[in-house]
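Topology and contacts: notes
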Amino acid sequence: MSGLHEECGVFGVFCPGGAKDVASTVYYGLYALQHRGQESCGIAVNDDGLFQHYKDVGLAGEVFSPSVLEKLGPGNMAVGHVRYGTTGGGGRLNAQPIVVNHRKGRMALAHNGNLVNSQQLRDRLEMEGSIFHTTSDTEVISYIITKERIRSSSIEEAIDRAMEVIEGAYSLIVMSPAKLIAVRDENGFRPLCYGQTAEGDYILASESCALDAVGAAFIRDLEPGEILVFSRDGIRSIRSHCGKRPKTTCIFEHIYFARPDSVVDGVSVHHARKTAGAILAQTSPAEADVVIGVPDSGIDAALGYAGAAGIPYGVGFIKNRYIARTFIAPGQKAREDKVKIKLNPIEETVRGKSVVMVDDSIVRGTTSARIVKLLRDAGAREIHVRISAPPFLNPCYYGTDIDSQDLLIACHHSLDEIRELIGADSLGYLPLDRLHELIGTPPGVGFCCACFSGKYPTAVPESGRKNRFEQKIGGKAKARAAEI
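Residues numbered from 1 in each chain as written. Predicted model: local features only at pLDDT ≥ 70, side-chain atom pairs only at ≥ 80, totals over all residues. Heavy atoms only, no water.

**So, the overall build of the protein**
Each helix and strand in the protein was counted, giving 16 helices and 23 strands. Counting only residues that meet the buried cut, the protein has 60% of its 484 residues in that class. When contacts within the protein are restricted to residue pairs at least 6 apart in sequence, those whose partners lie at least 24 apart make up 70%. For the protein, the accessible surface area stands at approximately 18500 Å², while carbon and sulfur atoms represent 52% of it. (Helix = DSSP H or I, 4+ residues; strand = E, 2+ residues; numbered from the N terminus. Buried < 20%, exposed > 50% of the residue type's maximum accessible area, 1.4 Å probe, protein only. Contact = heavy atoms within 4.5 Å. Areas by Shrake-Rupley, 256 points an atom, 1.4 Å probe, with all protein chains shown as cover.)

The structure is reproduced here in structure tokens:
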């Protein structure tokens, strides 16, 4: 992986039978979702309306010591979050869940995704007197829901009304004093599912692998536009927003984001990646001695390539498991430093051989160049790079941290120029017109691939910059500040 950033992971638990050690359950769930965000994490616990919460910068295992979990106490429900910010910078300020006190009670909110109209909504709210404490679009969502809650008879009615206003990608878990609510946007950009433990507790999670981690049986994915309410009265599904738009789940969930042991919208992630590798073997064949995958998400595609091409698969790299995903490390310098100690090639696998190296993407190209050099230094005779995604050509506004074309190597260089820049003997990408085969749908149906195709399923924002709420005063912002 060459320099993308992921969005976030959300997790929730609801215990109909009464208070339990829900903080520990959320902790294990966040561990399973750690690949989705490594900047910060947080947990909020609800004990019959009494909220306790804690969040900080770092991995779940670093932030939540046994003493911290104990202080969160027992509760009948809880919500947790792991973050890589796609709107707003890192740090404790933007860590989630966001906990809000309002006239009708309290609310905790965890969000995975990115709004496309957050700037307009934030401007409007500020003009109405709202004071923002973070620079994330999640706080915008919390304000909209809170505003609607004041004039609604229930939290779910407020969320239903808020969905008429917010636009873009949002998989939410919302906790009120008496209810736990899961929400998926009308396009279904980001995954969200739920299951149940043998003890009868309900689990909500971004991915099914987190259900497995806490011993919950998968029940189903939320439908795009669905609001699912958990309370002591049972489960209620609100579908007033379902079917309003075509389903456009992010295809990159299957290529990179999700864990291979997850099933997203009925499709095995492992199977999707093997399919991508098999397609690459057909469309970009190479005469080689061995096929290797770049950990982690390149491995499944490499297995698919090797099987389809009839070339032996080999373990080409050992990954230092104590180093976070390069993709998620904020800042180019941090990414480059981590590549140096993250991967180490196995010389016995590659020395003197022609190697097919399968990775999931090339974004800036710097990481790919470093990995190719590692293989050269280990004695590889030829290196044929195969990418299990099409070239990145466009910004993403739905939760992937590609906010401009400036650093996308495929926007500025031809295929052969990219091959030369990364030092490979040959280079092949997954064809755009075969993406649908990964999830078994007709072409262009059921998924979003705007970062490859430029065809966006929603209106796009004027500014998609991740740090748009953190800019120094200048231009229009400066003029506006002078007016204030």
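**Observations concerning the sheet that holds strand E12 (residues 227-231)**
With antiparallel pairing, six strands are arranged side by side in an open sheet as E5-E6-E7-E8-E12-E13. Here the strands that pair on one side only, and so sit at the sheet edges, are strand E5 (98-102) and strand E13 (234-238). When strand polarity is set aside, the average angle formed by the axes of neighbouring strands in this sheet is 20°. The sheet strands contacting helix H5 (residues 137-150) are E5, strand E6 (105-115) and strand E7 (168-175), and the helix crosses E6 at an angle near 135°. (Pairing = 2+ DSSP bridges. Axes fitted to C-alpha atoms, helices over the stretch in contact; angles between N-to-C directions.)

**Focus: helix H4 (residues 118-127)**
Listed as buried for H4 are Ser118, Leu121, Arg122 and Leu125. In an axial view of H4, the angular spread of the buried residues amounts to 100°, which keeps them on one side of the axis. In the core, the buried residues of H4 are packed alongside E6 and H5. Once H4 ends, the next one or two residues include Gly129, with phi positive near 110°. (Arc of directions from axis to C-beta.)

**What to know about the packing of H4 against H5**
The geometry of H4 relative to H5 is characterised by a closest axis approach of 10 Å and an angle of 55° between their N-to-C directions. By the angle between their axes, H4 is oblique relative to H5. Where H4 crosses over H5, the two elements pack in a sense that is left-handed. From H4, Ser118, Leu121, Arg122, Arg124 and Leu125 reach across to H5, where they touch Asp137, Val140, Tyr143, Ile144 and Lys147. Tallied by class, the residues present in the contact of H4 with H5 amount to five nonpolar, one polar and four charged. (Parallel < 35°, antiparallel > 145°, perpendicular 65-115°, else oblique. Left-handed = near helix turned anticlockwise from the far one by under 90°. Nonpolar A, V, L, I, M, F, W, Y, C, P; charged D, E, K, R; others polar.)

**Concerning the packing of aromatic side chains**
In total, this model carries 15 aromatic pairs according to the counting rule given. Each residue in the set Phe252, Tyr256, Phe257, Phe392 and Phe452 is aromatic and connected to the rest through ring pairs, giving one cluster. Here Arg92 stacks its cationic end above the ring of Tyr54, 5.9 Å away from the centre of that ring. Between Arg122 and the ring centre of Phe132, over which it is positioned, the NZ or CZ distance is 4.2 Å. (Phe/Tyr/Trp six-rings, centres within 6.5 Å; stacked < 30°, edge-to-face > 60°. Lys NZ or Arg CZ within 6 Å of the ring centre and 35° of its normal.)

**Some details on the environment of Cys15**
With respect to the helices and strands, the residue Cys15 is situated in the loop between strand E1 (8-14) and helix H1 (22-32). Beyond its immediate chain neighbours, meaning those up to four positions away, Cys15 contacts Lys20, Val22, Asn76 and Asp201.

**Examining the sheet that holds strand E17 (residues 290-293)**
Read from one edge to the other, the open sheet built from four strands follows the order E17-E20-E21-E22, with strand pairing classed as parallel. Edge positions in the sheet fall to E17 and strand E22 (426-429), since each of these pairs with one other strand and no more. Strand-to-strand twist in this sheet, taken as the mean axis angle between neighbours without regard to direction, amounts to 20°. Bridging between E17 and strand E20 (residues 354-359) involves four bridges; their strand directions are parallel. By the bridge assignment, Gly293 is partnered in E20 with Val358. Packed on one face of the sheet, helix H10 (residues 297-309) meets E17, E20 and strand E21 (382-387) and runs near 160° to E17. Contacts between helix H14 (residues 415-422) and the sheet are confined to E21 and E22, with E22 contributing the most and set at about 125° to the helix.

**Brief notes about empty space enclosed by the protein**
Applying the stated rule across the entire model yields four cavities of 30 Å³ or more. For the second largest cavity, the calculated volume is near 80 Å³. Looking at the second largest cavity, the residues that line it are Arg190, Cys250, Ile251, Phe252, Pro395, Cys396, Tyr397, Tyr398, Cys448, Ala450, Cys451 and Tyr456. Taken together, the residues that form the lining of the second largest cavity break down as eleven nonpolar, no polar and one charged. (1 Å grid on protein atoms, 1.4 Å probe; cavity = no way out; pocket = protein on both sides within 12 Å on 5 of 7 lines; lining within 4 Å. Points joined across faces, edges and corners; volume = space filled by probe spheres on them.)

**Focus on the nonpolar core**
Grouped together as the largest cluster of nonpolar side chains are 67 residues, with contacts concentrated most on Phe252, Tyr305, Met357, Val385, Leu435, Leu438 and Phe452. Those residues within four positions of Leu435 in sequence are excluded, and the remaining contacts are Ile251, Ile255, Pro390, Leu430, Phe447, Cys449 and Phe452. Residues Val22, Ala32, Cys209 and Ala216 belong to the second largest nonpolar core, which totals 29 residues. (Core = buried A, V, L, I, M, F, W, Y, C linked by side-chain atoms within 4.5 Å.)

**Quick look at the pairing of strand E4 (residues 77-83)**
Among the seven residues that make up E4, seven are buried, leaving the element largely enclosed by the rest of the structure. Residues of E4 alternate between two faces, with Met77, Val79, His81 and Arg83 on one and Ala78, Gly80 and Val82 on the opposite face, all of them buried. As judged from the seven bridges shared by strand E2 (residues 40-47) and E4, these two strands associate in the antiparallel manner. Each bridged residue has a counterpart across the sheet, and for Cys41 the counterpart in E4 is Val82.

**Comments concerning the side chain of Ser130**
Secondary-structure assignment places Ser130 in the loop between H4 and H5. If sequence neighbours within four positions are ignored, Ser130 has contacts with Leu125 and Tyr143.

**With respect to the pattern of salt bridges**
This model, assessed by the stated rule, comprises 29 salt bridges. Salt-bridge contacts for Arg122 lead to Glu126; the nearest nitrogen and oxygen are separated by 3.4 Å. Of this pair, Arg122 and Glu126 both sit in helix H4, four residues apart, roughly one helical turn. Arg161 is the salt-bridge partner of Glu157, the closest N and O atoms lying 3.0 Å from each other. With a gap of four residues between them, Glu157 and Arg161 both fall in helix H6 (residues 155-162), about one helical turn apart. Accessibility expressed as a relative area gives 26% for Arg161, which makes it partly exposed. (Salt bridge = Lys/Arg side-chain N within 4 Å of Asp/Glu carboxyl O.)

**Describing the side chain of Ser354**
The residue Ser354 is located in strand E20 in this model. Taking relative accessible area as the criterion, Ser354 reaches 2% and is therefore assigned buried. Here Ser354 is in contact with Glu287, Ala288, Asp289, Val290, Arg381, Glu382 and His384, once residues within four sequence places are set aside.

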